[in-house]
Each structure stands twice: as C-alpha cells, then as structure tokens.
Amino acid sequence: MLSSPAKILKNATQHNYAIGAFNINNMEALQGIVEAAVEENASVIIQTSQGAIEYAGMDLLGSMVHTIAKEVDVPIVFHLDHGTNVDLVKEAIASGWYTSVMVDGSSYSYKENLALTKEIVALAHEKNIWVEAELGPIPGKEDNLDVHARDAFMTDPALVESFVKETGCDALAISIGTAHGVTKFLGGSKLDYKRLALIRAQTSIPLVLHGASSIPANLVNIAKTYGADLSTAKGISSPQIRKLIAGGIGKVNIDSDLRIAFTGAVDKYMTLNPDNMDPRQYLGSGREAIKKEVKRKMQLFGTSNTCT
Ligand code: G3H
Ligand code: 13P
Ligand code: ZN
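Residues numbered from 1 in each chain as written. Chains lettered and ligands numbered in written order. Predicted model: local features only at pLDDT ≥ 70, side-chain atom pairs only at ≥ 80, totals over all residues. Heavy atoms only, no water.

Engineer: Outline the overall build of the protein chain, listing residues and values.
Structural biologist: When its secondary structure is counted, the protein chain shows 13 helices and eight strands. Expected size for 308 residues packed as a compact globule is a radius of gyration near 19 Å; at 19 Å, the protein chain falls within 12% of this value. Each principal axis of the C-alpha atoms in the protein chain carries an extent, and together these give about 60 × 45 × 35 Å. Counting over 308 residues, the protein chain shows a buried share of 54%. Accessible area of the protein chain: about 13400 Å², with a carbon and sulfur share of 53%. Each charge sign in the protein chain was given a centre, from 29 positive and 34 negative side chains, and these centres are 7 Å apart. (Helix = DSSP H or I, 4+ residues; strand = E, 2+ residues; numbered from the N terminus. Rg over C-alpha atoms; globule rule 2.2 N^0.38 Å. Buried < 20%, exposed > 50% of the residue type's maximum accessible area, 1.4 Å probe, protein only. Areas by Shrake-Rupley, 256 points an atom, 1.4 Å probe, with all protein chains shown as cover. Lys, Arg positive; Asp, Glu negative; His and termini not counted. Charge placed at Lys NZ, Arg CZ, Asp CG, Glu CD.)

Okay, here's the thing in structure tokens:
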C-alpha cells in the first residue's frame, strides 16, 4: 500500500532499526525492490532522482509505483531524492504521486538553504507530504576531496536544532563522512560517529544516511568478472551500517549497490548466453539480483518482519 513515511520512520527511529530507501530508474528495479519488501515483510521507500525523472518521466515512474503499491500489503513510500531544482520539487508536490520529497539546498549558504527548505515545507505540508532536507553537502567521487576538505563538507551539529525548528522539515540528511557512488573514503576519510551522536542529541526527527552503499565484494566480483572497472570501489561495511543505525540513523539511501548488482547480472547473462537476445531474460536476471541485494539490506537494517 502507498504510505506516508511518518509512522514508518518514527517507528524505526524509536525501535532502533532503519528503513531502506532504494533508487529506481526502471520497472525491473521497482519490481525487484517491492518483491523483496513483500518477502521480508518490510516497509520500503522507493525513490527517484531528478536524473531518473529525466530518463523515464515523472508520470510513468509515479504510475508504476502507485500501481505496484496497490497490489501489496507492505507500506511503500514514494520519495523524490535530491531535489535541487526547485521547480521540479514543486512539480513533484503538485503531481500527486509522491508521499515524500527531498529538498536539497545543501550547496547553498545556510541562510539560502533555510529559506528554500521553509518554502518547500509550507507547500508540501499543505498536501500532507513529508519533507527531507539536507544540511552539509554529501560529496560524490567527482569531488575528489582530501580528509580536511571532507571535514568542511560535514554537518555542523551546532546548526541542527535551529535549522530543524525554523524550517519545520520532517527528516534530515546529514554529512558524516559518507560519499555518493562506488568509491567512498577517497583521501583516507572516515565515518564520524561522534558527529552523529552530537547531531542526534540536537533533534528527534529521523536522520538520513546518504551514500550508504556497501559495495559488497560478491557483487563487485561478478561485475568485474564480466567487464566492469571497479578498481577503486570501496563502501560502508555491515558493522559500520549497524553502528550508524544504533547511533540514530533511521533512513538509509542505497543506489550504487543496486546498480552494481543489476549491471553485473545483465553482463553475466549476456556473456554466458550470447545467442539470447530476449530482454526479458537479461533484464529479468538484473531484477533478481536487485531483489536478492535488497532482501540482504532489509535484514541488515533490521526492517525484516517489522510490518504488523
Ligand atoms: O544520490 C544520488 C543517487 O545515487 C542518484 O544518482 O542522479 O545519477 O540518478 P543519479
Ligand atoms: P550510494 O551511492 O552510496 O548508493 O548512495 C545513494 C544515495 O545517497 C541516494 O540519495
Ligand atoms: Zn544521496
């Protein structure tokens, strides 16, 4: 069933587990994730980036998510990931598809981020839509930062309480050492658990971990065997994820792991079956690989068997 994140994320935060938020760009990824949620009896957040919308279209993605959500009993949240384009965030709110949006003003000054987030919160709350905001930008591989530069990117705990109060945001994405993409920890940076504790003490709203993929060795090996270049790949380990959830993370964003799973499975299928041109076969193997990885995440995050 289509759901607001309100109850789900509050429950997770209270009971020390987390909800996985998984990015989709196509039907196969959506099906794999939802099948995993049903088998694990777990709530799930399906999210689309601005790039996904550009690729597949907001209405097509939204109608697929609403259709599949009607077919299952587990709660499905539909969320806009990293809304940096204000017009697109407003379009998502007006569209009627999303139950949650992220307004990402983290590349602006504190004052500008605050004003932008406040404006989106007012629009979204009128329609009962949740808002995730971001304080302190989460870097990507392209930023290629050394340790000191990474520190400057991190969320300042001293700003958290006033930012949350003044904006009225419902969840907060924080920067504590993770990075987007398959290569995290360039330049020797590491996770800042102390910063997480300081942030947690400043607010009770759900905290969101971006750049949380673990880049698992089994998936990397399959992808490498069939041609992928993942020489610098490094992610967040399972013990690190568990420690971060115990420290107060309630929503965990995963995209890269599903990309590696999907690409590796499709490459493998096509290499081993060079005479088969049926997209249902190779895309189906990608869908299965996503499902398997999402199930593993739900077990790791403690989401399995939490739906009553
Ligand atoms: O946080 C970013 C997500 O991995 C989405 O990436 O903008 O390439 O769709 P994308
Ligand atoms: P990963 O690149 O680590 O999967 O992070 C995804 C993410 O944060 C989406 O918002
Ligand atoms: Zn992100």
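From this point, the narrative continues.
Engineer: Describe the pairing of strand β6 (residues 171-174), and please don't skip the residues or the numbers.
Structural biologist: Side chains Ala 171 and Ala 173 of β6 all project onto a buried face; the interleaved residues Leu 172 and Ile 174 project onto the opposite face, where all are buried too. Relative to strand β7 (residues 207-209), β6 runs parallel, the two being bridged by three bridges. What sits directly across from Ala 173, in β7, is Val 208. Between the parallel elements β6 and β7, the chain passes through helix α9 (residues 193-200) in a crossover that is right-handed. (Pairing = 2+ DSSP bridges. Right-handed = clockwise from strand over helix to strand, strands pointing away.)

Engineer: Outline the packing of aromatic side chains, listing residues and values.
Structural biologist: This model, assessed by the stated rule, comprises two aromatic pairs. Here Phe 78 and Tyr 98 contribute two aromatic rings whose centre-to-centre distance is 4.2 Å and whose plane-to-plane angle is 10°, an arrangement assigned as stacked. Of this pair, Phe 78 sits in strand β3 (residues 76-83) while Tyr 98 sits in the loop between α5 (86-95) and β4 (100-103), placing them 20 residues apart in sequence. A residue is classified by how much of its surface remains accessible, and Phe 78, at 0% relative accessible area, is buried. Classification of Tyr 98 as buried rests on a relative accessible area of 3%. One Lys or Arg, Lys 243, reaches over the ring of Tyr 193 and ends 4.0 Å from the middle of that ring. (Phe/Tyr/Trp six-rings, centres within 6.5 Å; stacked < 30°, edge-to-face > 60°. Lys NZ or Arg CZ within 6 Å of the ring centre and 35° of its normal.)

Engineer: Talk me through the coordination of the zinc ion (ligand 3); I want residue IDs and the actual numbers.
Structural biologist: Six octahedral donors at a metal ideally form angles of 90 or 180 degrees, and four tetrahedral donors ideally form angles of 109.5 degrees. Here the zinc ion (ligand 3) is held by His 82 (NE2), His 180 (NE2) and His 210 (ND1), and the distances to it run 2.0 to 2.1 Å. Taken in sequence order, the residues that donate to the zinc ion (ligand 3) follow the motif H-x97-H-x29-H. In this pair, His 82 is assigned in strand β3 and His 180 in the loop between β6 and α9, connecting sequence segments 98 residues apart. (Donors = N, O, S within 2.8 Å, 3.2 Å for Na, K, Ca; no water.)

Engineer: Tell me about the site of ligand 2, and please be specific about residues and values.
Structural biologist: Taken together, 15 residues lie near ligand 2, and Asp 81, Lys 184, Ser 213, Asp 255 and Ser 256 sit nearest. One nitrogen or oxygen atom from the side chain of Lys 184 is found 2.6 Å from an oxygen atom belonging to ligand 2. With respect to ligand 2, the backbone of Gly 211 contributes an N or O atom lying 2.9 Å from an oxygen atom. Compared with its free state, where it exposes 310 Å², ligand 2 has 97% of that area covered by protein. (Near = heavy atom within 4 Å. Polar contact = N/O pair within 3.5 Å; in protein donor to acceptor, adjacent residues only side chain to side chain.)

Engineer: Please set out helix α12 (residues 256-272) residue by residue, giving values where relevant.
Structural biologist: Helical geometry: 3.6 residues make up each α-helical turn, so side chains three or four residues apart lie on a common side. In a regular helix each residue adds 1.5 Å, so 17 residues correspond to 24 Å; α12 covers 24 Å between its end C-alpha atoms and thus fits that length. For α12, the complete set of buried residues consists of Ser 256, Asp 257, Leu 258, Ile 260, Ala 261, Phe 262, Gly 264, Ala 265, Val 266 and Tyr 269. Buried residues along α12 sit against β1 (19-23), α2 (27-40), α10 (217-225), β8 (249-254) and α13 (279-301). (Expected span 1.5 Å × (residues − 1). Contact = heavy atoms within 4.5 Å.)

Engineer: Give me the side chain of Arg 200: which residues, what numbers.
Structural biologist: Relative to the elements of secondary structure, Arg 200 occurs in helix α9. In this structure, Arg 200 is buried with no salt-bridge partner, the nearest side chain bearing the opposite charge being Glu 161 at 12 Å. Those residues in contact with Arg 200 that lie beyond four places of it in its chain are Thr 13, Ile 205, Leu 207, Gly 247 and Gly 248. (Salt bridge = Lys/Arg side-chain N within 4 Å of Asp/Glu carboxyl O.)

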